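# A look at the structure
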Amino acid sequence: VKRVRTLHLQRAKDAGEKFTMLTSYDVLTAGIFDAAGVDVLLVGDSLGNTVLGHGTTLPVTLDEMIVFASAVVRGAQRALVLVDLPFGSYEESPAQAVRSAVRVMKESGAHAVKIEGGVDLAEHVAAVVRAGVPVMGHVGFTPQAEHALGGFRIQGRGDDAAARVLADARAMQHAGCFGVLLEMVSEDAARTVEESLTVPTVGIGAGAVTTGQVLVWQDMLGLRTGTMPRFVKQYAQLAGTAREAVSEYVADVRSGAFPAEEHTYRG
Ligand code: KIV
Ligand code: NA
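Residues numbered from 1 in each chain as written. Chains lettered and ligands numbered in written order. Predicted model: local features only at pLDDT ≥ 70, side-chain atom pairs only at ≥ 80, totals over all residues.

The next subject is the overall build of the protein chain. For the protein chain, the count of helices and strands is 11 helices and eight strands. A compact globule built from 267 residues would reach a C-alpha radius of gyration of about 18 Å, and the protein chain, at 20 Å, matches this within 12%. Expressed along its principal axes, the backbone C-alpha trace of the protein chain runs to roughly 70 × 40 × 40 Å. At a minimum sequence separation of 6, the contacts of the protein chain that also span at least 24 residues come to 58%. (Helix = DSSP H or I, 4+ residues; strand = E, 2+ residues; numbered from the N terminus. Rg over C-alpha atoms; globule rule 2.2 N^0.38 Å. Contact = placed C-beta atoms within 7 Å.)

Here's what the structure looks like:
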(Lines give C-alpha, C1' and ligand atoms only; values in the text may rest on other atoms or scores of the structure.)
(Ligands and ions follow the chains in the order given, each with its own letter.)
Protein backbone atom coordinates (compact mmCIF):
# COMPACT_ATOMS: atom_id res chain seq x y z
CA VAL A 1 0.00 0.00 0.00
CA LYS A 2 1.11 3.52 -0.77
CA ARG A 3 1.53 5.86 2.18
CA VAL A 4 -0.64 8.97 2.28
CA ARG A 5 1.58 12.05 2.21
CA THR A 6 0.93 15.74 2.71
CA LEU A 7 1.06 16.25 -1.06
CA HIS A 8 -1.96 13.93 -1.44
CA LEU A 9 -3.94 16.15 0.92
CA GLN A 10 -3.02 19.17 -1.22
CA ARG A 11 -4.05 17.23 -4.34
CA ALA A 12 -7.44 16.49 -2.75
CA LYS A 13 -8.06 20.21 -2.30
CA ASP A 14 -6.85 21.04 -5.81
CA ALA A 15 -9.13 18.35 -7.29
CA GLY A 16 -12.13 19.43 -5.20
CA GLU A 17 -12.10 16.12 -3.30
CA LYS A 18 -12.42 15.37 0.43
CA PHE A 19 -10.06 13.60 2.81
CA THR A 20 -10.71 11.99 6.16
CA MET A 21 -9.00 12.16 9.52
CA LEU A 22 -9.82 10.33 12.76
CA THR A 23 -8.06 10.22 16.10
CA SER A 24 -6.28 7.04 17.18
CA TYR A 25 -4.13 6.35 20.21
CA ASP A 26 -3.26 2.65 20.00
CA VAL A 27 -2.18 -0.08 17.62
CA LEU A 28 -5.56 -1.86 17.28
CA THR A 29 -7.68 1.15 16.41
CA ALA A 30 -4.89 2.37 14.12
CA GLY A 31 -5.08 -0.91 12.18
CA ILE A 32 -8.88 -0.85 11.98
CA PHE A 33 -9.16 2.80 10.92
CA ASP A 34 -6.28 2.43 8.45
CA ALA A 35 -7.95 -0.60 6.84
CA ALA A 36 -11.23 1.35 6.67
CA GLY A 37 -9.52 3.98 4.51
CA VAL A 38 -8.99 6.87 6.90
CA ASP A 39 -6.32 9.10 5.29
CA VAL A 40 -4.85 10.73 8.41
CA LEU A 41 -4.66 9.23 11.91
CA LEU A 42 -4.43 12.00 14.50
CA VAL A 43 -2.72 11.16 17.76
CA GLY A 44 -4.51 14.06 19.41
CA ASP A 45 -3.78 15.40 22.85
CA SER A 46 -7.51 14.71 23.32
CA LEU A 47 -6.08 11.43 24.66
CA GLY A 48 -5.74 13.41 27.89
CA ASN A 49 -9.52 13.27 28.10
CA THR A 50 -10.45 10.13 26.19
CA VAL A 51 -7.69 7.77 27.38
CA LEU A 52 -6.13 9.23 30.53
CA GLY A 53 -9.29 10.69 32.09
CA HIS A 54 -8.08 14.26 32.65
CA GLY A 55 -10.63 17.07 32.47
CA THR A 56 -8.58 18.98 29.89
CA THR A 57 -5.68 18.39 27.50
CA LEU A 58 -3.35 20.59 29.57
CA PRO A 59 -1.66 17.87 31.72
CA VAL A 60 -0.59 15.75 28.71
CA THR A 61 3.21 15.51 28.33
CA LEU A 62 5.44 15.10 25.29
CA ASP A 63 6.67 11.74 26.66
CA GLU A 64 3.07 10.49 26.82
CA MET A 65 2.34 11.69 23.27
CA ILE A 66 5.39 9.78 22.02
CA VAL A 67 4.26 6.52 23.68
CA PHE A 68 0.81 6.65 22.08
CA ALA A 69 2.14 7.92 18.73
CA SER A 70 4.61 5.00 18.51
CA ALA A 71 1.76 2.52 18.92
CA VAL A 72 -0.30 4.20 16.19
CA VAL A 73 2.67 4.24 13.81
CA ARG A 74 3.09 0.48 14.34
CA GLY A 75 -0.59 -0.09 13.46
CA ALA A 76 -0.88 2.10 10.36
CA GLN A 77 0.31 0.99 6.93
CA ARG A 78 -1.34 3.59 4.70
CA ALA A 79 -2.48 6.54 6.81
CA LEU A 80 -0.35 9.59 7.49
CA VAL A 81 0.22 9.73 11.25
CA LEU A 82 -0.12 13.25 12.68
CA VAL A 83 0.81 13.99 16.31
CA ASP A 84 -0.22 16.93 18.51
CA LEU A 85 2.48 18.90 20.30
CA PRO A 86 1.02 19.11 23.82
CA PHE A 87 0.61 22.19 26.01
CA GLY A 88 3.96 23.39 27.35
CA SER A 89 6.12 21.71 24.71
CA TYR A 90 6.46 24.53 22.16
CA GLU A 91 5.22 27.94 23.43
CA GLU A 92 8.46 29.11 25.06
CA SER A 93 10.51 29.64 21.90
CA PRO A 94 10.95 28.50 18.30
CA ALA A 95 13.90 26.42 19.57
CA GLN A 96 11.70 24.60 22.09
CA ALA A 97 9.11 23.92 19.37
CA VAL A 98 11.79 22.49 17.07
CA ARG A 99 13.21 20.33 19.88
CA SER A 100 9.78 18.88 20.70
CA ALA A 101 8.76 18.29 17.08
CA VAL A 102 12.08 16.58 16.32
CA ARG A 103 11.65 14.31 19.36
CA VAL A 104 8.19 13.25 18.12
CA MET A 105 9.52 12.46 14.66
CA LYS A 106 12.64 10.61 15.88
CA GLU A 107 11.13 8.68 18.76
CA SER A 108 7.66 7.77 17.40
CA GLY A 109 8.23 7.51 13.65
CA ALA A 110 5.21 9.75 12.97
CA HIS A 111 4.99 11.77 9.75
CA ALA A 112 3.89 15.25 10.86
CA VAL A 113 2.93 17.32 13.90
CA LYS A 114 0.00 19.61 14.70
CA ILE A 115 0.41 22.82 16.67
CA GLU A 116 -2.30 25.00 18.21
CA GLY A 117 -1.61 28.59 17.30
CA GLY A 118 -2.14 31.44 14.92
CA VAL A 119 -0.54 34.84 14.50
CA ASP A 120 1.13 34.61 17.94
CA LEU A 121 2.85 31.27 17.26
CA ALA A 122 3.81 31.87 13.62
CA GLU A 123 7.56 32.14 14.34
CA HIS A 124 7.52 28.89 16.32
CA VAL A 125 5.68 27.03 13.57
CA ALA A 126 7.96 28.46 10.87
CA ALA A 127 11.02 27.23 12.76
CA VAL A 128 9.59 23.69 12.94
CA VAL A 129 8.83 23.75 9.21
CA ARG A 130 12.38 24.98 8.47
CA ALA A 131 13.69 22.03 10.51
CA GLY A 132 12.02 19.73 7.99
CA VAL A 133 8.98 18.68 10.01
CA PRO A 134 5.59 19.00 8.27
CA VAL A 135 3.18 21.01 10.43
CA MET A 136 -0.61 21.33 10.49
CA GLY A 137 -1.78 24.51 12.22
CA HIS A 138 -4.82 24.36 14.53
CA VAL A 139 -6.91 27.54 14.86
CA GLY A 140 -10.42 28.57 15.86
CA PHE A 141 -11.24 26.93 19.18
CA THR A 142 -7.92 25.68 20.55
CA PRO A 143 -8.54 23.42 23.60
CA GLN A 144 -5.10 24.09 25.15
CA ALA A 145 -6.22 27.73 25.48
CA GLU A 146 -9.61 26.78 26.97
CA HIS A 147 -9.07 28.93 30.07
CA ALA A 148 -7.95 31.94 28.01
CA LEU A 149 -10.88 31.59 25.60
CA GLY A 150 -13.49 31.38 28.38
CA GLY A 151 -14.43 27.73 27.90
CA PHE A 152 -15.74 25.81 24.91
CA ARG A 153 -17.04 28.56 22.64
CA ILE A 154 -17.73 28.73 18.95
CA GLN A 155 -15.15 30.94 17.22
CA GLY A 156 -15.46 33.13 14.15
CA ARG A 157 -19.01 34.38 14.79
CA GLY A 158 -19.37 37.98 13.64
CA ASP A 159 -17.06 40.02 11.43
CA ASP A 160 -14.28 40.70 13.96
CA ALA A 161 -14.09 37.10 15.14
CA ALA A 162 -14.18 35.78 11.58
CA ALA A 163 -11.33 38.13 10.65
CA ARG A 164 -9.30 36.83 13.60
CA VAL A 165 -9.76 33.21 12.52
CA LEU A 166 -8.78 34.12 8.96
CA ALA A 167 -5.68 36.03 10.14
CA ASP A 168 -4.62 33.06 12.30
CA ALA A 169 -5.13 30.60 9.43
CA ARG A 170 -3.22 32.84 7.02
CA ALA A 171 -0.35 33.14 9.49
CA MET A 172 -0.18 29.34 9.68
CA GLN A 173 -0.11 28.99 5.89
CA HIS A 174 2.54 31.73 5.67
CA ALA A 175 4.62 29.87 8.27
CA GLY A 176 4.66 26.89 5.92
CA CYS A 177 1.88 24.63 7.25
CA PHE A 178 0.66 21.94 4.85
CA GLY A 179 -2.88 22.35 6.20
CA VAL A 180 -4.92 24.18 8.80
CA LEU A 181 -7.39 22.59 11.21
CA LEU A 182 -10.47 24.64 12.10
CA GLU A 183 -12.20 23.66 15.36
CA MET A 184 -15.69 24.87 16.34
CA VAL A 185 -15.88 27.67 13.81
CA SER A 186 -19.05 28.99 12.18
CA GLU A 187 -19.37 27.60 8.67
CA ASP A 188 -19.28 31.05 7.05
CA ALA A 189 -15.90 31.78 8.66
CA ALA A 190 -14.64 28.32 7.68
CA ARG A 191 -15.71 28.85 4.05
CA THR A 192 -13.79 32.14 3.88
CA VAL A 193 -10.68 30.42 5.24
CA GLU A 194 -10.93 27.41 2.91
CA GLU A 195 -11.40 29.74 -0.08
CA SER A 196 -8.65 32.19 0.96
CA LEU A 197 -5.93 29.61 1.62
CA THR A 198 -4.13 27.55 -1.00
CA VAL A 199 -3.51 24.72 1.52
CA PRO A 200 -6.39 22.47 2.61
CA THR A 201 -8.38 23.02 5.80
CA VAL A 202 -9.70 20.22 8.01
CA GLY A 203 -12.79 20.83 10.09
CA ILE A 204 -14.22 19.61 13.38
CA GLY A 205 -17.40 21.54 13.98
CA ALA A 206 -16.61 23.79 11.01
CA GLY A 207 -19.38 22.67 8.66
CA ALA A 208 -19.13 20.93 5.29
CA VAL A 209 -16.91 23.45 3.50
CA THR A 210 -13.47 22.19 4.55
CA THR A 211 -11.39 19.81 2.41
CA GLY A 212 -11.02 17.36 5.31
CA GLN A 213 -13.13 16.27 8.28
CA VAL A 214 -11.89 15.00 11.65
CA LEU A 215 -13.63 13.47 14.68
CA VAL A 216 -12.53 11.94 17.98
CA TRP A 217 -13.00 8.19 17.59
CA GLN A 218 -14.53 7.46 21.00
CA ASP A 219 -17.19 10.08 20.23
CA MET A 220 -18.05 8.89 16.71
CA LEU A 221 -18.16 5.21 17.72
CA GLY A 222 -20.17 5.86 20.89
CA LEU A 223 -17.55 4.54 23.30
CA ARG A 224 -17.88 7.79 25.19
CA THR A 225 -21.44 8.48 26.37
CA GLY A 226 -23.23 11.53 27.68
CA THR A 227 -23.98 14.76 25.90
CA MET A 228 -22.01 15.16 22.70
CA PRO A 229 -21.19 18.42 20.95
CA ARG A 230 -23.46 19.28 18.01
CA PHE A 231 -20.71 18.42 15.49
CA VAL A 232 -20.46 14.74 16.52
CA LYS A 233 -22.26 12.09 14.49
CA GLN A 234 -22.32 8.72 16.26
CA TYR A 235 -21.89 5.82 13.83
CA ALA A 236 -21.98 3.06 16.49
CA GLN A 237 -22.76 2.57 20.18
CA LEU A 238 -19.68 0.72 21.40
CA ALA A 239 -20.17 1.57 25.09
CA GLY A 240 -23.55 -0.20 25.15
CA THR A 241 -22.23 -3.18 23.18
CA ALA A 242 -19.26 -3.55 25.54
CA ARG A 243 -21.34 -3.13 28.69
CA GLU A 244 -23.81 -5.84 27.57
CA ALA A 245 -21.02 -8.25 26.63
CA VAL A 246 -19.16 -7.76 29.92
CA SER A 247 -22.41 -8.16 31.93
CA GLU A 248 -22.92 -11.48 30.16
CA TYR A 249 -19.37 -12.56 31.08
CA VAL A 250 -19.96 -11.62 34.73
CA ALA A 251 -23.24 -13.58 34.78
CA ASP A 252 -21.64 -16.61 33.04
CA VAL A 253 -18.78 -16.81 35.55
CA ARG A 254 -21.18 -16.52 38.48
CA SER A 255 -23.51 -19.21 37.08
CA GLY A 256 -20.69 -21.54 36.03
CA ALA A 257 -21.58 -21.28 32.32
CA PHE A 258 -18.05 -19.99 31.59
CA PRO A 259 -15.56 -21.56 31.13
CA ALA A 260 -17.23 -24.43 29.26
CA GLU A 261 -15.71 -27.66 27.96
CA GLU A 262 -14.32 -25.97 24.79
CA HIS A 263 -12.36 -23.42 26.87
CA THR A 264 -10.75 -26.09 29.07
CA TYR A 265 -7.43 -28.00 28.70
CA ARG A 266 -7.49 -31.74 29.38
CA GLY A 267 -4.87 -34.41 29.92
O1 KIV B 1 -6.65 16.35 20.07
C2 KIV B 1 -7.51 16.19 19.18
O3 KIV B 1 -8.16 15.13 19.08
C4 KIV B 1 -7.73 17.26 18.23
C5 KIV B 1 -9.01 17.20 17.46
C6 KIV B 1 -10.13 17.65 18.30
C7 KIV B 1 -8.92 17.94 16.21
O8 KIV B 1 -6.94 18.16 18.15
NA1 NA C 1 -5.61 18.37 19.99
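Picking up after the structure, the text goes on.
Before going further, it helps to spend a moment on the sheet that holds strand E2 (residues 40–43). Pairing within the closed barrel is parallel, and its eight strands lie in the order E1-E2-E3-E4-E5-E6-E7-E8. The average undirected angle you get between the axes of adjacent strands in this sheet is 25°. Looking at chain direction, strand E3 (residues 80–84) and strand E4 (residues 112–116) are connected through three bridges and run parallel. Its bridge partner being in E4, Leu82 is matched across the sheet by Ala112. Running over the sheet, helix H6 (residues 122–130) touches E4 and strand E5 (135–140) and is turned about 160° from E5. (Pairing = 2+ DSSP bridges. Axes fitted to C-alpha atoms, helices over the stretch in contact; angles between N-to-C directions.)

A word on the UniProt feature "active site" (unreviewed entry) in the protein chain. The feature "active site" (unreviewed entry), as given by UniProt, occupies Glu183 in the numbering adopted here. Every residue in contact with Glu183, bar those within four places of it in the chain, is listed here: His138, Gly140, Phe141, Thr142, Ile204 and Gly205. (UniProt positions renumbered as here; feature names shortened; annotations may be inferred.)

A few words now on the site of ligand 1. In the vicinity of ligand 1, the residues found are Thr23, Leu42, Gly44, Asp45, Ser46, Asp84, Leu181, Glu183, Ile204, Val214 and Val216. Of the residues in the shell around ligand 1, the class split is five nonpolar, three polar and three charged. (Near = placed C-beta within 6 Å. Nonpolar A, V, L, I, M, F, W, Y, C, P; charged D, E, K, R; others polar.)

Our focus in this paragraph is the pairing of E5. Regular strands have side chains that alternate between both faces of the sheet. Extensive coverage of E5 is indicated by the burial of six of its six residues. On E5, burial covers both faces: Val135, Gly137 and Val139 on one face and Met136, His138 and Gly140 on the other are all buried. In this structure, E4 lies alongside E5, joined through four bridges in parallel fashion. Within E5, the residue paired with Glu116 across the bridge is His138. Crossover E4 to E5 through H6 is right-handed. (Buried ≥ 20, exposed ≤ 12 C-beta atoms within 10 Å, placed from the backbone. Right-handed = clockwise from strand over helix to strand, strands pointing away.)

Those residues carrying the UniProt feature "binding site: 3-methyl-2-oxobutanoate" (unreviewed entry) are Asp45, Ser46, Asp84 and Lys114 in this numbering. Over a stretch of 70 residues, the named residues converge on one spot in the fold, their C-alpha atoms separated by at most 12.4 Å. As for its position among the elements, Asp45 is in the loop between E2 and helix H3 (47–50). Judged by C-beta crowding, with 29 C-beta atoms within 10 Å, Asp84 ranks as buried. Among residues more than four places away in sequence, those in contact with Asp84 are Val43, Gly44, Asp45, Met65 and Lys114.

Glancing now at the pairing of E2. Neither face of E2 is exposed, since Val40 and Leu42 on one face and Leu41 and Val43 on the opposite face are all buried. Relative to E2, strand E1 (residues 19–23) runs parallel, the two being bridged by three bridges. Residue pairing for E2: Met21 is matched across the bridge by Val40.

Okay, helix H4 (residues 62–75) next. With 14 residues, H4 extends 20 Å from end C-alpha to end C-alpha; this agrees with the ideal 20 Å at 1.5 Å per step. Taken together, the buried positions of H4 are occupied by Leu62, Met65, Ile66, Phe68, Ala69, Val72 and Gly75. For H4, the elements touching its buried residues are helix H2 (27–35), E2, H3, E3 and helix H5 (94–108). (Expected span 1.5 Å × (residues − 1).)

As a further point, take unusual backbone geometry. In this chain, Phe258 is followed by Pro259 through a cis amide linkage whose omega measures 0°. Locating Pro259 in the fold gives a position in the segment after helix H11 (238–255). The backbone of Met184 sits at a positive phi, close to 45°, despite the residue not being glycine. If you trace the backbone, Met184 turns up in the loop between strand E6 (179–183) and helix H9 (187–196). When the 22 C-beta atoms within 10 Å are taken as the criterion, Met184 is described as buried.

Okay, the packing of H5 against H6 next. Between H5 and H6, the least distance of the axes is 8 Å, while the angle of their chain directions is 45°. In terms of axis orientation, H5 runs oblique to H6. You can see that H5 and H6 cross each other, and the crossing is right-handed. Contacts between H5 and H6 involve Pro94, Ala97, Val98 and Ala101 on the former and, on the latter, Glu123, His124, Ala127 and Val128. Split by residue class, the contact of H5 with H6 holds six nonpolar, one polar and one charged. (Parallel < 35°, antiparallel > 145°, perpendicular 65-115°, else oblique. Left-handed = near helix turned anticlockwise from the far one by under 90°.)

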